[in-house]
Amino acid sequence: MSKSPILSAADLHKTFKVSSHNYSTAVLTALGQVSLQLSAGETLGIAGESGCGKSTLAKIMAGLMEPDGGSVLYKGTKLSQLGQGERTLFRRKTQMIFQDPFSSLNPRMRIGDSIAEPLKIIGTSTVRQREELARIMAAVGLQSDAANRFPDEFSGGQRQRIGIARALAASPEILIADEPVSSLDISIQAQIINILLQMKTDFALSMMIVSHNLLVLRHICDRIIIMYLGEIVECGPASMLFQRCRHPYTEALIAAIPGLHIAAVPKSELLQDDLPSALSIPSGCRFHPRCRHAVDLCRHEVPKTVEYARGHSAACHLSNRLYD
Ligand SMILES: Nc1ncnc2c1ncn2[C@@H]1O[C@H](COP(=O)(O)OP(=O)(O)OP(=O)(O)O)[C@@H](O)[C@H]1O
Ligand SMILES: [Mg+2]
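Just so it is clear, the structure is predicted and the values come from calculations on it, not from any experiment. (Residues numbered from 1 in each chain as written. Chains lettered and ligands numbered in written order. Predicted model: local features only at pLDDT ≥ 70, side-chain atom pairs only at ≥ 80, totals over all residues. Heavy atoms only, no water.)

**Remarks on the overall build of the chain**
In step 1: The helix and strand tally for the chain stands at 12 helices and 12 strands.
In step 2: For 324 residues, the compact-globule formula gives about 20 Å, and the C-alpha radius of gyration of the chain, at 21 Å, lands near that figure.
In step 3: For the chain, the spread of C-alpha atoms along the three principal axes comes to 70 × 45 × 45 Å.
In step 4: Contacts in the chain between residues at least 24 apart in sequence constitute 64% of all its contacts with a sequence separation of at least 6.
In step 5: A total of about 15,500 Å² of accessible surface is found on the chain, and carbon and sulfur atoms cover 50% of it. (Helix = DSSP H or I, 4+ residues; strand = E, 2+ residues; numbered from the N terminus. Rg over C-alpha atoms; globule rule 2.2 N^0.38 Å. Contact = heavy atoms within 4.5 Å. Areas by Shrake-Rupley, 256 points an atom, 1.4 Å probe, with all protein chains shown as cover.)

Written out as structure tokens, the structure is:
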């Protein structure tokens, strides 16, 4: 596996203007200052509670949303500096899979035509289109007669297979999946996860997978990024995060996984209060109001991101004291 980044982000910042209670406009910070790298052939997981900025990050990385600041780089070149042809190529090489693929499928188009659409756009001959369609549908476990049916005739799991097939038809290098299994039954989730794992090998993909389910990410990913209120608080190899995390927020997320009895203190004490609003980010370490270890320093000073082992970093003033 090559280690050069195929896709990276440098200091991404994103805000949204939202109306507040008295009809005035407020500024919500969805991404603070996010930097990351996706190596060629790597599967990177993005986790964190609802509203922490996972989907915003995924859309910006896929070039579907503009950041307010910072850059996304495709093979070292900023997306903003790509020419029109290169930009079109990036769009084709970077495909996104959504939680509900139904919303991105034309309800009046037979799914065979929907899946083959990217092939048509790049001028693939009709014969080749048919061959590729059969190959891709088989790869995601769809019966060939499914090609003649319409999206509303399929179950959630089948629709997700269609979404993956459509993404694969564009011959992508990078697959960005936003909660690809969270709306599916547990048994179907396992099938889709296995398909994604198989795709990674068969199609030599680099993948970024967003999920609030850390167990799913541990199963699929090489590395996992933990986000909190729009920033990365910890990043490391999937197995290392579970064996020896370096941030109390990661510890709390792992301890909250049903069936994992690893918390030395009651789960209710690991994560205090609810997630604060992205409209008023706490001072200092943004996690401090919910952290049972917080000291004065945490309330006033933003923690630096420190690398504790190769590829394993965290932003917590107390990491050494808590985890060494
Ligand atoms: N188009 C938008 N307009 C206004 N605010 C938005 C918009 N999109 C996202 N946000 C806000 O930005 C923050 C991050 O949202 P985002 O959807 O990226 O979170 P998420 O981590 O994907 O959450 P979830 O797990 O619920 O999908 C949230 O506070 C959200 O309300
Ligand atoms: Mg989301």
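Moving on from the model shown.
**Describing the site of ligand 1**
In step 1: For ligand 1, the set of nearby residues contains 13 residues, the closest of which are S50, G51, K54, S55 and T56.
In step 2: The side chain of S50 places a nitrogen or oxygen atom 2.5 Å from an oxygen atom of ligand 1.
In step 3: Here ligand 1, which alone exposes 630 Å², has 62% of that area covered by the protein.
In step 4: Those elements that place two or more of their residues in the shell around ligand 1 are β1 (5-19), β2 (25-39) and α1 (54-61).
In step 5: Among the elements that take part in the shell around ligand 1, α1 stands out by supplying 3 residues, more than any other. (Near = heavy atom within 4 Å. Polar contact = N/O pair within 3.5 Å; in protein donor to acceptor, adjacent residues only side chain to side chain.)

**Concerning the sheet that holds strand β10 (residues 231-237)**
Backbone hydrogen bonds hold the strands of a sheet together, and the pairing may be parallel or antiparallel.
In step 1: With respect to topology, 8 strands assemble into an open sheet ordered β6-β7-β8-β3-β9-β10-β12-β11, the strand pairing being mixed. Two strands bound the open sheet, and with one partner strand each, they are β6 (94-97) and β11 (306-309). Direction aside, neighbouring strands of the sheet carry axes that sit 20° apart on average.
In step 2: Lying over the sheet, α1 contacts β3 (43-47), β6, β7 (174-178), β8 (206-210) and β9 (223-228), oriented at roughly 155° with respect to β8.
In step 3: Packed onto the sheet, helix α2 (residues 84-93) meets β6 and β7 and runs at close to 40° relative to β6. (Pairing = 2+ DSSP bridges. Axes fitted to C-alpha atoms, helices over the stretch in contact; angles between N-to-C directions.)

**Observations regarding the side chain of S319**
In step 1: Within the fold, S319 resides in helix α12 (residues 319-323).
In step 2: Polar side-chain contacts of S319 include one of 2.7 Å to the backbone oxygen of R246.
In step 3: Beyond its immediate sequence surroundings of up to four residues, S319 is in contact with R246, Y308 and D324.

**Describing the pairing of β11**
In step 1: Relative to strand β12 (residues 312-314), β11 runs antiparallel, the two being bridged by 3 bridges. When the sheet's bridge partners are listed, V306 is paired in β12 with A314.
In step 2: Between β11 and β12, which pair antiparallel in sequence order, lie 2 residues; one of them, G311, sits at a positive phi of approximately 80°.

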